[in-house]
Amino acid sequence: DRIGIPAEIVPLILTRPFSGSASSAMFSSLLEEVGADSLAATCAAVIMGSSDTVVYIISVYFSSVNVKKTGYALPLAFSVMIF
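Residues numbered from 1 in each chain as written. Predicted model: local features only at pLDDT ≥ 70, side-chain atom pairs only at ≥ 80, totals over all residues. Heavy atoms only, no water.

Here we come to the overall build of the chain. Helix and strand counts for the chain stand at 5 helices and 0 strands. For a compact globule of 83 residues, the expected C-alpha radius of gyration is about 12 Å, and the chain comes in at 15 Å, more than 25% above that figure. Projected onto its principal axes, the C-alpha positions of the chain cover 45 × 25 × 15 Å. Sorting the 83 residues of the chain into buried and exposed places 24% on the buried side. Within the chain, contacts between residues at least 6 apart in sequence are counted, and of these 51% link residues at least 24 apart. Accessible area for the chain stands at about 5,900 Å²; split by element, carbon and sulfur atoms hold 64% of it. Across the chain, 4 positive and 6 negative side-chain charges occur, with their mean positions spaced 25 Å apart. (Helix = DSSP H or I, 4+ residues; strand = E, 2+ residues; numbered from the N terminus. Rg over C-alpha atoms; globule rule 2.2 N^0.38 Å. Buried < 20%, exposed > 50% of the residue type's maximum accessible area, 1.4 Å probe, protein only. Contact = heavy atoms within 4.5 Å. Areas by Shrake-Rupley, 256 points an atom, 1.4 Å probe, with all protein chains shown as cover. Lys, Arg positive; Asp, Glu negative; His and termini not counted. Charge placed at Lys NZ, Arg CZ, Asp CG, Glu CD.)

Take a look at the structure:
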């Protein structure tokens, strides 16, 4: 709450880059817990609508362009997400 992020969506923020189905379950649980008209639900809806799992995007992109050296891609993607 100190930095303007509702505490209820922190698990969703941490889960979304790794697992789409787990984050969908967390989103559904969040809506039941805080209601659809709350700030946390609105923030969670934006996160769910504007992001996809980083691991999936990297694997699809690199397989389509035949990139072999992908060692820095995942750490760099997560560092960009954090900042």
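Right, let's talk about the confidence of the model for the chain for a bit. In this model, the chain carries a mean pLDDT of 85, and residues with pLDDT of at least 70 account for 95%. Taking the mean pLDDT of every element in the chain, the minimum, 76, falls on helix H5 (residues 73-82) and the maximum, 93, on helix H2 (residues 20-34). (pLDDT = per-residue confidence, 0-100.)

Bringing H2 into the picture now. For H2, with 15 residues, the first-to-last C-alpha span of 21 Å sits near the 21 Å given by 1.5 Å per residue. Listed in full, the buried residues belonging to H2 are Ser23, Phe27 and Leu30. For H2, the buried positions fall inside an angular range of 65° around the axis, keeping them on one side. Opposite the packed face of H2, turned more than 90 degrees from it, sit the exposed residues Ser21, Glu32 and Glu33. Those residues of H2 hidden inside the fold are in contact with helix H1 (10-15) and helix H3 (39-50). Where H2 begins, one side-chain oxygen reaches toward the backbone nitrogen of Ala22, 3.1 Å away; that side chain belongs to Ser19. (Expected span 1.5 Å × (residues − 1). Arc of directions from axis to C-beta. Polar contact = N/O pair within 3.5 Å; in protein donor to acceptor, adjacent residues only side chain to side chain.)

To continue, consider the packing of aromatic side chains. Applying the stated criterion across every chain, the model contains 1 aromatic pair. Consider the rings of Tyr61 and Phe62, whose centres lie 5.5 Å apart with planes at 55°: the pair is tilted. Taking relative accessible area as the criterion, Tyr61 reaches 49% and is therefore assigned partly exposed. On the basis of relative accessible area, Phe62 is assigned to the buried category, the value being 19%. (Phe/Tyr/Trp six-rings, centres within 6.5 Å; stacked < 30°, edge-to-face > 60°.)

Further remarks concern the nonpolar core. By size, the foremost hydrophobic cluster in this structure holds 7 residues: Ile9, Leu12, Phe27, Leu30, Ala40, Ala44 and Met48. Going through the elements one at a time, H2 and H3 are the ones with two or more residues in this core. Top element by residues in this core is H3. It accounts for 3 residues. Val54, Ile58, Phe62 and Ala73 belong to the second largest nonpolar core, which has 5 residues in total. (Core = buried A, V, L, I, M, F, W, Y, C linked by side-chain atoms within 4.5 Å.)

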